[in-house]
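# A structural walkthrough
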Amino acid sequence: MIKSSYQQPDSKGKFGRFGGKFVPETLITPLKQLEEAYLRLKNDKDFIEELESLHKEFTGRPTPLTFAERLTKHYGKAKIYLKREDLCHTGAHKINNVLGQILLAKYLGKRRIIAETGAGQHGVATATACAKFGLHCVVYMGETDIERQKPNVFRMKLMGAEVIPVKSGSRTLKDATNEAIRDWVTNVEDTHYIIGSVVGPHPYPMIVRDFQSIIGIETRQQILERENRLPDYLLACVGGGSNAIGMFFPFINDPQVTKIGIEAAGKGLDTDEHCATLTKGRDGIFQGMKTYLLQDDFGQVREVYSISAGLDYPGVGPEHSFLKDENLVEYFSINDKEAIEAVKLLSQTEGIIPALETAHAIAYLNYLLPKTSADEIVIINLSGRGDKDLNTIMEFL
Amino acid sequence: MSRIELTIQNEISNGRKVLSVFLTAGFPSVESFSDLVLNVFEAGADLIELGIPFSDPIADGPVIQHSSQRAIENGVNLEKVFLKLNEIRKNSDKPIILMGYANPILNYGLNSFLSTCNELKVDGLIIPDIPLEEFDSFFDSSVKNIDTIMLVSPTSDDNRIKMIGEKSKGFVYCVSVKGITGERNSVSEESLNYIGKVKSLLPDKSILVGFGISNPQSAKSFSSVSDGVIVGSAVIKLLSEKKYKETFELISSIKRELSL
């Protein structure tokens, strides 16, 4: 399905000048073992069948590609389709990666699973998979995020996961990730670290991308069946960037399909309170990877902001940095207010309450649609459902 | 032979083991930091590692994380670290190593960073998030007159230990355990065996052991299989409580134990 002309990352885990393995020595050997195991298993018939069957019976795949009839009428331009990752078990695309990595952990013989989480979606997906497979689950979560995502904290605990509050730094996703890395360095023998996005040291950005690519692979097949042609535009929100890569990657060798990633502009790009890494960041080395990074004049990582906890991250997956520089994907940003409006719009036109993260991609329709024509097709990756955000949205409105 | 190598050789040939002390630059006080460094040398440190504070220190435990965060809040950045070094160099030419994560250095510009290091006679450099895999492309063969010290860990296999040993200058930093920096209660046999193995795989290199060494007893145990030890968190913990006298006493007592 994916043509062979795009070959990233290279054997050192680099996407051009981005990516790599910027980690303490203790993690190098475990990362190599993980890479070897993954490269062996990804073509293993039993592994592929087991994952496919899990997705069919447990995740609920394939997820539908829904034609958004009233939303399309609202703009009166291109046809809009929604790839319904919100209908995955646990309510977001995160489970795609988690189930793949849980199987990897099983094959590696690791009995203890750790994860970081921001909005709590990745934590919930990890807790879910651990419950299903009977593995011990520890989730690191910033104190600030614990406060604003209470229902997800409860879900994780209900499924038997241990949620450890992180009190360092900005007490959000980046600090939870630091703490998870520290745990992994210490307990590397019996522990597998399930990173939730296409970030961190090689081979994680590659592994997470591959497991999320099921989104784009299904979308491609579904749109060909429905419309007998490829879409003109793909839209997805970008925090770390896993749902976006999952949607874009299977179309990476199709230049006629314009791919657009939407970051969070928070309270505005002219303030310090945003997390539009690809728009406002510059080269940095952070959490094991070289990538665009929001940092101060002295190379300290900035404390960033978005109304959506899942986009609230100062870095971005290294492959996105590469795709931006190569002009293979375009990146824009959407502020809090626009995202909230988009939640209302989709709720009222389609009866679907999207996650605040996803709402950023939907809001971009205001900029894109006027430029389109009725014979064009736009697909939005509807990466998650909005139930978890109801408190935040109520407070904002 | 570099100043670090001369210092280590001098200690070993006089029957003593080496003590390297880690300090977070500008902690606990920016103003009196140069005096602190001089007093730590005075108390018995053979080498001092100055930590460049970073917002996201993934290899460090809570004690050093906290000191790093406090230093940043007090306005410490790489330029300030160099200003302090300049003050220190007016009164001491003992070996000083800069230890820091890659990002502040990348942000400062590697070439400017290295040339300032040379001007201020920085002796060594430890960057825990630049492993062997990233070393050549990060440094771009531009390092001169400064020892780039690399780390080995209990997860490094024999072949890797040899490759790191070949690349590491000054000494090899042997991480005592799988984990992050911070005090630990006991010294395991497994840990001592592994350090002994590193020493035998790298007969021509000096091996200093760090992570979890907090008192004269653990320093003694680890130095029995190596050329010396690195003490960080235990010192930083006392300094965070402004217990200067106890800090210098701890350093002196460890060095005394290493000199028996």
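Values in this document were obtained by computation on a predicted structure and should not be read as measured data.

### Regarding the overall build of chain A
Looking only at helices and strands, chain A features 17 helices and 14 strands. Compactness check: chain A gives a C-alpha radius of gyration of 19 Å against a globular reference of 21 Å for 397 residues, within 12% of the reference. Counting only C-alpha atoms, chain A reaches 55 × 45 × 40 Å along its principal axes. The proportion of buried residues among the 397 residues of chain A is 66%.

### Remarks on the domain arrangement of chain A
All names here are of chain A. According to the domain assignment, chain A contains domain 1 (15–55 + 94–208) and domain 2 (60–91 + 213–396). The distance between the C-alpha centroids of domain 1 and domain 2 comes to 22 Å. With 39 residues of domain 1 at the contact, the number on the domain 2 side is 44 residues. Across the domain 1/domain 2 interface, buried area totals approximately 3,200 Å², and carbon plus sulfur atoms make up 59% of it. Where domain 1 packs against domain 2, one counts three salt bridges. Ionic pairing is found between aspartate 283 and arginine 17, a salt bridge with its closest N-O pair at 2.7 Å. Where the side of domain 1 that touches domain 2 is concerned, the elements lending two or more residues are β2 (18–22), α4 (94–108), α5 (121–133), α6 (143–148), α8 (173–187) and α9 (204–212). Of the residues belonging to the side of domain 1 that touches domain 2, the class tally is 15 nonpolar, 18 polar and six charged.

### Thoughts on the interface of chain A and chain B
Each partner contributes residues to the interface: chain A has 38 residues there, and chain B has 36 residues. Roughly 3,000 Å² is buried in total at the junction of chain A and chain B, and carbon and sulfur atoms are behind 50% of that figure. Linking chain A with chain B are five salt bridges, by the criterion used here. As a salt-bridge pair, lysine 32 of chain A and glutamate 133 of chain B come within 3.3 Å of each other at their nearest N and O atoms. Our enumeration of links across chain A and chain B arrives at 22 residue pairs in polar contact (both at pLDDT 80 or more). Breaking the side of chain A that touches chain B down by element, the ones donating at least two residues are β2, α1 (25–41), α8, β11 (282–286) and β12 (288–293) of chain A.

### Focus on the packing of aromatic side chains
Summed over all chains, the structure comprises 20 aromatic pairs over all chains. Here tyrosine 173 of chain B and phenylalanine 211 of chain B contribute two aromatic rings whose centre-to-centre distance is 6.1 Å and whose plane-to-plane angle is 85°, an arrangement assigned as edge-to-face. With tyrosine 173 of chain B in strand β7 (residues 172–175) and phenylalanine 211 of chain B in the loop between β8 (207–210) and α10 (216–223), this pair connects stretches of sequence that are 38 residues apart. Here tyrosine 173 of chain B matches phenylalanine 211 of chain B in class, with each residue buried. Among the aromatic residues, those joined into a ring-pair cluster are Tyr38, Phe47, Tyr107 and Phe211 of chain A. A cation over an aromatic ring shows up here: arginine 209 of chain A above the ring of phenylalanine 249 of chain A, its NZ or CZ 4.0 Å from the ring centre. In this structure, lysine 267 of chain A is placed above the aromatic ring of tyrosine 305 of chain A, and the distance from its NZ or CZ to the ring centre is 4.9 Å.

### Remarks on the pattern of salt bridges
Under the counting rule described, the total for this entry stands at 48 salt bridges over all chains. Arginine 112 of chain A is the salt-bridge partner of aspartate 183 of chain A, the closest N and O atoms lying 2.8 Å from each other. With aspartate 183 of chain A in helix α8 and arginine 112 of chain A in strand β5 (residues 112–117), the pair connects residues that are 71 residues apart, well separated along the chain. Assessed through its relative accessible area of 16%, arginine 112 of chain A is described here as buried. One salt bridge in this structure joins arginine 302 of chain A and aspartate 272 of chain A, with 3.9 Å as the shortest N-O distance. Placement of the pair is arginine 302 of chain A in the loop between β12 and α13 (318–325) and aspartate 272 of chain A in the loop between β10 (258–266) and α12 (277–280), with a sequence separation of 30 residues. Linked by salt bridges that have partners in common, Glu25 and Lys32 of chain A together with Glu133 and Arg160 of chain B make up one network.

### Regarding the sheet that holds β2 of chain A
Residue and element names in this part refer to chain A. Spatially, four strands are ordered β1-β2-β12-β11 in an open sheet, and the strand pairing comes out antiparallel. Where the open sheet ends on each side, the last strands, each with one partner, are β1 (14–15) and β11. As paired elements, β11 and β12 share five bridges and run antiparallel to each other. In the strand pairing of β12, isoleucine 285 is matched with lysine 290.

### Structural notes on the confidence of the model for chain B
With 100% of its residues at a pLDDT of at least 70, chain B reaches an overall mean of 96. Of the two predicted TM-score estimates for the complex, the pTM is 0.97 and the ipTM is 0.96.

### What about the state of the cysteines?
All names here are of chain A. If you walk through the whole model with that rule in mind, you get zero disulfides over all chains. Residue cysteine 137 stays outside any disulfide, its sulfur separated by 3.8 Å from that of cysteine 130, the closest cysteine. Residue cysteine 275 stays outside any disulfide, its sulfur separated by 11 Å from that of cysteine 237, the closest cysteine. Classification of cysteine 275 by relative accessible area gives buried; the value is 2%.

### What about helix α2 (residues 45–59) of chain A?
Residue and element names in this part refer to chain A. Between its terminal C-alpha atoms α2 stretches 20 Å, which fits the 21 Å expected from 15 residues at 1.5 Å a residue. By the burial criterion, the buried members of α2 are Phe47, Leu51, Leu54, His55 and Thr59. For α2, the buried positions fall inside an angular range of 100° around the axis, keeping them on one side. Exposed residues on α2 whose side chains face more than 90 degrees from its buried face are Lys45, Glu52, Lys56 and Glu57.

### Some thoughts on the sheet that holds strand β3 (residues 96–99) of chain B
Residues and elements named next belong to chain B. Spatially, β5-β4-β3-β2-β1-β9-β8-β7-β6 is the arrangement adopted by the nine strands of the open sheet, whose pairing is parallel. Edge strands, defined here as strands with exactly one partner in the open sheet, are β5 (147–148) and β6 (150–152). Here five bridges tie strand β1 (residues 18–24) to strand β2 (residues 47–51), and the two strands are oriented parallel to one another. Bridge pairing in β2 links leucine 23 to leucine 50. Docked against the sheet, helix α11 (residues 233–240) engages β1 and β9 (228–231), running at close to 45° with respect to β1. Its contacts with the sheet put helix α12 (residues 244–258) on β1 and β9, and the angle it makes with β1 is roughly 160°.

### Some points on the side chain of threonine 191 of chain A
Residues and elements named next belong to chain A. Inspection of the secondary structure puts threonine 191 in strand β8 (residues 191–193). Among the residues examined, threonine 191 registers a relative accessible area of 0% and is labelled buried. Side-chain polar atoms of threonine 191 contact the side chain of arginine 112, separated by 2.9 Å. Within the structure, threonine 191 has its side chain in polar contact with the backbone oxygen of asparagine 187 (distance 3.0 Å). Setting aside residues up to four positions removed in sequence, threonine 191 forms contacts with Lys110, Arg112, Ile114, Asp183 and Trp184.

### Some remarks on the environment of isoleucine 251 of chain B
Residues and elements named next belong to chain B. Its location among the elements puts isoleucine 251 in helix α12. Separated by 194 residues in sequence, isoleucine 251 and proline 57 place their C-alpha atoms 25 Å apart. Each residue touching isoleucine 251, except ones within four places of it in the same chain, is listed here: Leu19, Val21, Val40, Ala43, Gly44, Ala45 and Val235.

Scoring rules and cut-offs
- Along each chain, residues carry numbers from 1 onward, in the same order as the chain's sequence is written.
- Note on labels: chains are lettered from A, ligands numbered from 1, in written order.
- It should be noted that, the model being predicted, local features are given only for residues of pLDDT at least 70 and side-chain atom pairs only at 80 or more, the latter also being counted only at that level, while totals for whole chains, interfaces and linings use all residues.
- Values reported for side chains reflect all heavy atoms of the structure, with hydrogen atoms and water molecules removed beforehand.
- The helix count covers DSSP runs of H or I at least four residues long, the strand count covers runs of E at least two residues long, and both are numbered beginning at the N terminus.
- We take the radius of gyration over the C-alpha atoms and set the globule estimate at 2.2 Å times the residue count to the 0.38 power.
- Burial classes follow relative accessibility: with a 1.4 Å probe on protein chains only, a residue under 20% of its type's maximum area counts as buried, one over 50% as exposed, and anything between as partly exposed.
- Residue ranges labeled as domains rest on an automatic or database domain assignment.
- Should any heavy atoms of two residues lie within 4.5 Å, those residues are counted as being in contact.
- Using a 1.4 Å probe, buried area is obtained as the accessible area two parts lose upon being combined, added over both of them.
- Salt bridges are counted wherever a side-chain nitrogen of Lys or Arg sits within 4 Å of a carboxyl oxygen of Asp or Glu.
- Charged means Asp, Glu, Lys or Arg here, nonpolar means Ala, Val, Leu, Ile, Met, Phe, Trp, Tyr, Cys or Pro, and polar covers whatever is left, Gly included.
- Any pair of N or O atoms that falls within 3.5 Å is considered a polar contact. Within protein, one atom must be able to donate a hydrogen and the other to accept it, and sequence-neighbouring residues count only if both atoms are side-chain atoms.
- Pairing of aromatic rings covers Phe, Tyr and Trp, the last counted by its six-membered ring, and requires centre-to-centre distances within 6.5 Å; plane angles under 30 degrees mean stacked, over 60 mean edge-to-face, and any other angle means tilted.
- Counting as a charge over the ring demands two things of the Lys NZ or Arg CZ atom: a distance within 6 Å of the ring centre and an angle within 35 degrees of the ring normal.
- Should DSSP find at least two bridges between two strands, the strands are taken to pair.
- Scored between 0 and 100, pLDDT is the confidence that the predictor attaches to each residue.
- Disulfides are defined as cysteine sulfur pairs within 2.5 Å.
- Helix span, as expected, comes to 1.5 Å for every residue beyond the first.
- The arc in question is the one spanned by the directions pointing from the helix axis to the C-beta atoms.
- Structural elements are reduced to axes, namely lines fitted to C-alpha atoms, with helices fitted over the stretch in contact, and the angle between N-to-C directions of any two is expressed from 0 to 180 degrees.

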